Amino acid sequence: DTPERERQPCRPSGIGRRLVRQGEVRVAVAEHEQSGELLLGCGLRREAGFAWQELEGEALRAHEPMLGPKIALGIRVPEHGFVLSPGNYIADLREVAVSLGAVAVPAEAHAFRLDADGAVKAVVTMSGEIEATAAVIATGAWSKTLTAQIGLDVPLETERGYHVMLYGTSMQPRQPTSVTSGKF
(Lines give C-alpha, C1' and ligand atoms only; values in the text may rest on other atoms or scores of the structure.)
Protein backbone atom coordinates (compact mmCIF):
# COMPACT_ATOMS: atom_id res chain seq x y z
CA ASP A 1 0.00 0.00 0.00
CA THR A 2 1.12 3.58 -0.40
CA PRO A 3 2.30 5.41 2.71
CA GLU A 4 -0.28 8.17 2.16
CA ARG A 5 -3.12 5.64 2.28
CA GLU A 6 -1.59 4.16 5.42
CA ARG A 7 -1.16 7.54 7.08
CA GLN A 8 -4.78 8.69 6.69
CA PRO A 9 -6.40 6.51 9.38
CA CYS A 10 -3.33 6.94 11.57
CA ARG A 11 -3.11 10.74 11.63
CA PRO A 12 -4.83 11.23 15.00
CA SER A 13 -2.55 8.66 16.66
CA GLY A 14 0.73 9.91 15.23
CA ILE A 15 1.86 6.44 14.16
CA GLY A 16 2.35 7.66 10.61
CA ARG A 17 5.77 8.74 11.85
CA ARG A 18 6.83 5.11 11.49
CA LEU A 19 6.17 5.20 7.72
CA VAL A 20 8.96 6.32 5.43
CA ARG A 21 8.07 7.43 1.93
CA GLN A 22 11.29 7.20 0.04
CA GLY A 23 10.27 5.55 -3.19
CA GLU A 24 11.79 2.39 -4.60
CA VAL A 25 13.49 1.18 -7.75
CA ARG A 26 13.01 -2.35 -9.07
CA VAL A 27 15.58 -3.35 -11.66
CA ALA A 28 16.12 -6.18 -14.14
CA VAL A 29 19.35 -7.30 -15.78
CA ALA A 30 19.73 -7.32 -19.56
CA GLU A 31 17.64 -10.42 -20.34
CA HIS A 32 14.40 -9.34 -22.00
CA GLU A 33 12.36 -12.08 -20.28
CA GLN A 34 13.17 -10.61 -16.92
CA SER A 35 12.31 -7.13 -18.14
CA GLY A 36 8.94 -8.45 -19.34
CA GLU A 37 8.24 -10.04 -15.96
CA LEU A 38 9.17 -6.79 -14.25
CA LEU A 39 6.73 -4.86 -16.44
CA LEU A 40 3.96 -7.41 -15.82
CA GLY A 41 4.29 -6.77 -12.07
CA CYS A 42 4.13 -3.05 -12.74
CA GLY A 43 0.84 -3.44 -14.58
CA LEU A 44 -0.58 -5.08 -11.47
CA ARG A 45 0.79 -2.24 -9.34
CA ARG A 46 -0.85 0.32 -11.65
CA GLU A 47 -4.20 -1.48 -11.26
CA ALA A 48 -3.73 -1.20 -7.48
CA GLY A 49 -3.23 2.57 -7.74
CA PHE A 50 0.55 2.90 -7.86
CA ALA A 51 2.15 5.22 -10.39
CA TRP A 52 5.51 4.14 -11.80
CA GLN A 53 8.09 5.29 -14.29
CA GLU A 54 10.29 3.22 -16.63
CA LEU A 55 13.96 4.15 -16.64
CA GLU A 56 16.46 2.66 -19.09
CA GLY A 57 20.19 3.02 -19.74
CA GLU A 58 21.68 6.38 -18.86
CA ALA A 59 18.37 7.72 -17.52
CA LEU A 60 18.36 4.86 -14.99
CA ARG A 61 22.00 5.49 -14.03
CA ALA A 62 21.34 9.23 -13.72
CA HIS A 63 18.58 8.42 -11.23
CA GLU A 64 20.62 5.76 -9.40
CA PRO A 65 24.36 6.14 -10.14
CA MET A 66 25.30 2.94 -8.27
CA LEU A 67 23.67 0.72 -10.89
CA GLY A 68 26.06 -0.89 -13.37
CA PRO A 69 25.79 -1.25 -17.15
CA LYS A 70 24.27 -4.76 -16.97
CA ILE A 71 21.10 -3.33 -15.48
CA ALA A 72 18.82 -2.81 -18.49
CA LEU A 73 15.60 -1.53 -17.00
CA GLY A 74 14.46 0.11 -13.81
CA ILE A 75 10.98 0.79 -12.56
CA ARG A 76 10.78 3.74 -10.20
CA VAL A 77 7.83 3.67 -7.81
CA PRO A 78 7.92 7.09 -6.09
CA GLU A 79 5.00 6.39 -3.71
CA HIS A 80 6.52 3.19 -2.33
CA GLY A 81 7.36 3.27 1.34
CA PHE A 82 8.31 1.08 4.23
CA VAL A 83 7.83 0.81 7.97
CA LEU A 84 10.77 1.64 10.20
CA SER A 85 9.82 -0.70 13.02
CA PRO A 86 7.20 -3.28 12.00
CA GLY A 87 6.69 -4.60 15.54
CA ASN A 88 6.11 -1.14 17.00
CA TYR A 89 3.91 -0.20 14.05
CA ILE A 90 1.64 -3.21 14.64
CA ALA A 91 1.51 -2.45 18.37
CA ASP A 92 0.53 1.15 17.55
CA LEU A 93 -2.17 -0.04 15.12
CA ARG A 94 -3.53 -2.28 17.87
CA GLU A 95 -3.73 0.71 20.23
CA VAL A 96 -5.58 2.74 17.59
CA ALA A 97 -8.05 -0.11 16.98
CA VAL A 98 -8.70 -0.48 20.72
CA SER A 99 -9.20 3.28 21.07
CA LEU A 100 -11.87 3.02 18.34
CA GLY A 101 -13.72 0.25 20.18
CA ALA A 102 -12.04 -2.95 19.01
CA VAL A 103 -11.40 -5.65 21.56
CA ALA A 104 -7.95 -7.20 21.37
CA VAL A 105 -7.90 -10.81 22.53
CA PRO A 106 -4.55 -12.59 22.64
CA ALA A 107 -5.53 -15.97 21.18
CA GLU A 108 -4.78 -18.08 18.14
CA ALA A 109 -7.77 -18.47 15.83
CA HIS A 110 -8.33 -21.99 14.48
CA ALA A 111 -11.81 -21.85 12.96
CA PHE A 112 -15.16 -20.09 12.83
CA ARG A 113 -18.58 -21.10 14.05
CA LEU A 114 -21.03 -20.11 11.34
CA ASP A 115 -24.82 -20.02 11.28
CA ALA A 116 -26.90 -21.87 8.67
CA ASP A 117 -26.47 -18.97 6.24
CA GLY A 118 -22.68 -18.93 6.61
CA ALA A 119 -22.49 -15.80 8.77
CA VAL A 120 -19.82 -15.69 11.48
CA LYS A 121 -21.17 -16.34 14.97
CA ALA A 122 -17.89 -16.99 16.78
CA VAL A 123 -14.15 -17.29 16.30
CA VAL A 124 -12.86 -20.60 17.65
CA THR A 125 -9.51 -20.15 19.43
CA MET A 126 -7.18 -22.31 21.46
CA SER A 127 -8.76 -20.69 24.55
CA GLY A 128 -12.36 -21.23 23.48
CA GLU A 129 -14.94 -19.44 21.38
CA ILE A 130 -15.20 -15.68 21.07
CA GLU A 131 -18.70 -14.55 20.07
CA ALA A 132 -18.64 -12.30 17.01
CA THR A 133 -20.85 -10.96 14.25
CA ALA A 134 -17.84 -10.21 12.05
CA ALA A 135 -14.19 -11.19 11.94
CA VAL A 136 -11.12 -9.70 10.30
CA ILE A 137 -8.62 -12.21 8.98
CA ALA A 138 -5.26 -10.43 8.98
CA THR A 139 -2.67 -13.16 9.28
CA GLY A 140 -0.84 -12.58 6.00
CA ALA A 141 0.21 -15.70 4.12
CA TRP A 142 -1.24 -17.81 6.93
CA SER A 143 -4.75 -16.51 6.18
CA LYS A 144 -5.44 -19.20 3.60
CA THR A 145 -6.48 -21.84 6.14
CA LEU A 146 -9.02 -19.54 7.78
CA THR A 147 -10.38 -18.05 4.56
CA ALA A 148 -10.93 -21.52 3.10
CA GLN A 149 -13.24 -22.31 6.04
CA ILE A 150 -15.59 -19.54 4.95
CA GLY A 151 -15.45 -20.44 1.28
CA LEU A 152 -12.85 -17.95 0.08
CA ASP A 153 -9.83 -18.87 -2.02
CA VAL A 154 -7.31 -16.12 -1.28
CA PRO A 155 -4.12 -16.59 -3.32
CA LEU A 156 -1.60 -15.68 -0.63
CA GLU A 157 1.77 -17.37 -0.41
CA THR A 158 4.89 -16.68 1.56
CA GLU A 159 7.74 -15.10 -0.34
CA ARG A 160 11.41 -15.64 0.16
CA GLY A 161 13.27 -12.43 0.75
CA TYR A 162 16.81 -11.41 1.50
CA HIS A 163 18.41 -8.11 2.19
CA VAL A 164 21.90 -6.81 2.79
CA MET A 165 22.79 -3.87 4.96
CA LEU A 166 26.20 -2.30 4.50
CA TYR A 167 27.58 0.10 7.08
CA GLY A 168 30.36 2.62 6.56
CA THR A 169 30.30 2.43 2.77
CA SER A 170 31.53 5.26 0.56
CA MET A 171 28.34 5.04 -1.53
CA GLN A 172 24.79 3.86 -1.02
CA PRO A 173 21.65 3.71 -3.15
CA ARG A 174 19.44 6.78 -3.04
CA GLN A 175 16.39 4.63 -2.26
CA PRO A 176 15.55 0.97 -1.65
CA THR A 177 16.46 -1.07 -4.73
CA SER A 178 15.28 -4.58 -5.58
CA VAL A 179 16.83 -6.78 -8.25
CA THR A 180 14.12 -8.92 -9.81
CA SER A 181 16.57 -11.44 -11.29
CA GLY A 182 16.33 -14.74 -9.45
CA LYS A 183 12.75 -13.94 -8.34
CA PHE A 184 13.71 -11.79 -5.35
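All figures in this text were calculated on a predicted structure; none of them were measured in a lab.

Cut-offs and rules
Residues numbered from 1 in each chain as written. Predicted model: local features only at pLDDT ≥ 70, side-chain atom pairs only at ≥ 80, totals over all residues. Heavy atoms only, no water. Helix = DSSP H or I, 4+ residues; strand = E, 2+ residues; numbered from the N terminus. Buried < 20%, exposed > 50% of the residue type's maximum accessible area, 1.4 Å probe, protein only. Contact = heavy atoms within 4.5 Å. Areas by Shrake-Rupley, 256 points an atom, 1.4 Å probe, with all protein chains shown as cover. Expected span 1.5 Å × (residues − 1). Arc of directions from axis to C-beta. Pairing = 2+ DSSP bridges. Axes fitted to C-alpha atoms, helices over the stretch in contact; angles between N-to-C directions. Polar contact = N/O pair within 3.5 Å; in protein donor to acceptor, adjacent residues only side chain to side chain.

Moving on: the overall build of the protein. When you go through the protein residue by residue, the secondary structure sums to five helices and nine strands. N-terminal to C-terminal, the α/β element order of the protein is α-β-β-α-β-α-β-β-α-β-β-β-α-β. A total of 184 residues make up the protein; the buried ones form 24% of that total. Contacts spanning at least 24 positions in sequence make up 54% of the contacts within the protein whose residues lie at least 6 apart. Summed over its atoms, the accessible surface of the protein is roughly 12,500 Å², and 57% of this surface lies on carbon and sulfur atoms.

Here helix 4 (residues 86-99) spans 20 Å end to end across 14 residues, near enough to the 20 Å set by a 1.5 Å rise per residue. Of all the positions in helix 4, only Tyr 89, Asp 92 and Val 96 are classed as buried. One side of helix 4 carries all its buried residues, which in axial view fall inside an arc of 65°. Those residues of helix 4 that are exposed and angled more than 90 degrees off the buried face are Gly 87, Ile 90 and Glu 95.

The strands making up a sheet associate through backbone hydrogen bonding, with each pair oriented either parallel or antiparallel. Across the sheet, three strands lie side by side as 6-7-8; this open sheet has antiparallel pairing. Across the chains shown, the open sheet's two edge strands, defined by having one partner strand only, are strand 6 (109-114) and strand 8 (128-131). If you compare each strand with its neighbour and ignore which way they point, the axes differ by 30° on average. Relative to strand 8, strand 7 (residues 120-125) runs antiparallel, the two sharing four bridges.

In this fold, Gln 149 is placed in helix 5 (residues 143-149). Separated by 39 residues in sequence, Gln 149 and His 110 have C-alpha atoms that sit 9.8 Å apart.

The subject of this paragraph is the pairing of strand 6. Two faces, one strand: in a regular strand the side chains alternate between the faces of the sheet. Of the strand pairs in this sheet, strand 6 and strand 7 are connected by five bridges, and their pairing is antiparallel. Paired with Ala 109 across the bridge in strand 7 is Thr 125. If you look at the hairpin formed by strand 6 and strand 7, you'll find five residues sitting between the two strands, and Gly 118 has a positive phi there, around 90°.

All right, on to the side chain of Thr 125 then. Within the fold, Thr 125 resides in strand 7. Judged by its relative accessible area of 9%, Thr 125 is buried. From its side chain, Thr 125 meets the backbone nitrogen of Ser 127 in a polar contact 3.0 Å long. At 2.6 Å, the side chain of Thr 125 and the backbone oxygen of Gly 128 are in polar contact.

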